[in-house]
Amino acid sequence: QVQLVESGGGLVQAGGSLRLSCAFSGDTFSTYAAGWFRQAPGKDREFVAAIVGSGRYTNYADSEKGRFFISRDNAKNTVYLQMNSLNSEDTAVYYCAAGSNGYYIGRTLSEWHHWGQGTMVTVSS
């Protein structure tokens, strides 16, 4: 069965950077789209970024464009989220997701079939 394990979260000062990683196992990674979502305390889970199975196309939430960058290494079964210019509004639990439709990179939660356990990112001002 598909499993996703995130790493790389932690405490960072405002203006700093972090890179999250998500290790995929249990199936052929390149056939899955991969995405990142986040959930701040008291708020709904929201879309951050996604990438198709081949890595050729990406999609970002408007607030993350130009600051966050999603990438994947299919040889390593890993998807990454590089986060730059972090601010307090980025504080949240970040979740990795995988969708069995390798071309879907939208924000509809039900289209993402597998989820990691989440990693906490805290941005201090």
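The structure this text deals with has already been given above.
Let me sum up the structure you'll find in this document. What you see is a predicted model; the values in this text were computed from it and never measured.

1. Some words on the overall build of the protein
Step number 1: Tallying secondary structure elements over the protein gives zero helices and eleven strands in all.
Step number 2: Taken against the 2.2 N^0.38 rule, which gives 14 Å for 125 residues, the C-alpha radius of gyration of the protein at 13 Å falls within 12% of a compact globule.
Step number 3: Projected onto the principal axes, the alpha-carbon positions of the protein cover approximately 40 × 25 × 25 Å.
Step number 4: Within the protein, buried positions represent 46% of all 125 residues.
Step number 5: Here the contacts in the protein between residues at least 6 apart in sequence split such that 59% fall between residues at least 24 apart.

2. Side note on the nonpolar core
Step number 1: Ranked by size, the top nonpolar core spans 28 residues in total, and within it Trp36, Ile70, Val79, Leu81, Met83 and Tyr94 carry the most contacts.
Step number 2: Elements represented by at least two residues in this core include exactly strand S3 (18–25), strand S4 (33–39), strand S5 (46–51), strand S7 (68–73), strand S8 (78–83), strand S9 (92–99) and strand S11 (119–124).

3. Description of the pattern of salt bridges
Step number 1: Enumeration over the complete set of coordinates arrives at six salt bridges.
Step number 2: One salt bridge connects Arg38 with Glu46, and the closest N-O pair in it is separated by 2.6 Å.
Step number 3: The residue Arg38 makes a salt bridge to Glu64 at a minimum N-O spacing of 3.1 Å. Taken together, the residues Arg38 in strand S4 and Glu64 in the loop between strand S6 (58–60) and S7 connect sequence positions 26 residues apart. There is no split in this pair, since Arg38 and Glu64 are both buried.

4. As for the pairing of S11
Step number 1: Burial of the side chains of S11 is restricted to one face: Thr119, Val121 and Val123 are buried, whereas none of Met120, Thr122 and Ser124 on the reverse face is.
Step number 2: As judged from the four bridges shared by strand S2 (residues 10–13) and S11, these two strands associate in the parallel manner. Its bridge partner being in S11, Gly10 is matched across the sheet by Val121.
Step number 3: Where S9 lies against S11, three bridges are found, and the strand directions are antiparallel.

5. Let's talk about the environment of Gly55
Step number 1: Tracing the backbone shows Gly55 in the loop between S5 and S6.
Step number 2: Here Gly55 falls in the partly exposed class, since its relative accessible area comes to 29%.

6. Details of the pairing of S8
Step number 1: In terms of burial, S8 is largely enclosed, as five of its six residues are buried.
Step number 2: Bridge count between S3 and S8: six bridges; the pairing is antiparallel. Looking across to S8, one finds that Ala23 is bridged to Thr78.
Step number 3: Taken together, the six bridges between S7 and S8 define a ladder with antiparallel strand orientation.

7. Considering the sheet that holds strand S1 (residues 3–7)
Sheet strands pair via backbone hydrogen bonds, and the direction of the pair is either parallel or antiparallel.
Step number 1: Judged by pairing direction, the sheet is antiparallel, and its four strands sit side by side in the order S1-S3-S8-S7 without closing on themselves. At either end of the open sheet lies a strand with only one pairing partner, and these are S1 and S7. Taken over all neighbouring pairs, the strand axes of this sheet differ in orientation by 15° on average, direction set aside.

What counts, and at which threshold
- Residues numbered from 1 in each chain as written.
- Predicted model: local features only at pLDDT ≥ 70, side-chain atom pairs only at ≥ 80, totals over all residues.
- Heavy atoms only, no water.
- Helix = DSSP H or I, 4+ residues; strand = E, 2+ residues; numbered from the N terminus.
- Rg over C-alpha atoms; globule rule 2.2 N^0.38 Å.
- Buried < 20%, exposed > 50% of the residue type's maximum accessible area, 1.4 Å probe, protein only.
- Contact = heavy atoms within 4.5 Å.
- Core = buried A, V, L, I, M, F, W, Y, C linked by side-chain atoms within 4.5 Å.
- Salt bridge = Lys/Arg side-chain N within 4 Å of Asp/Glu carboxyl O.
- Pairing = 2+ DSSP bridges.
- Axes fitted to C-alpha atoms, helices over the stretch in contact; angles between N-to-C directions.

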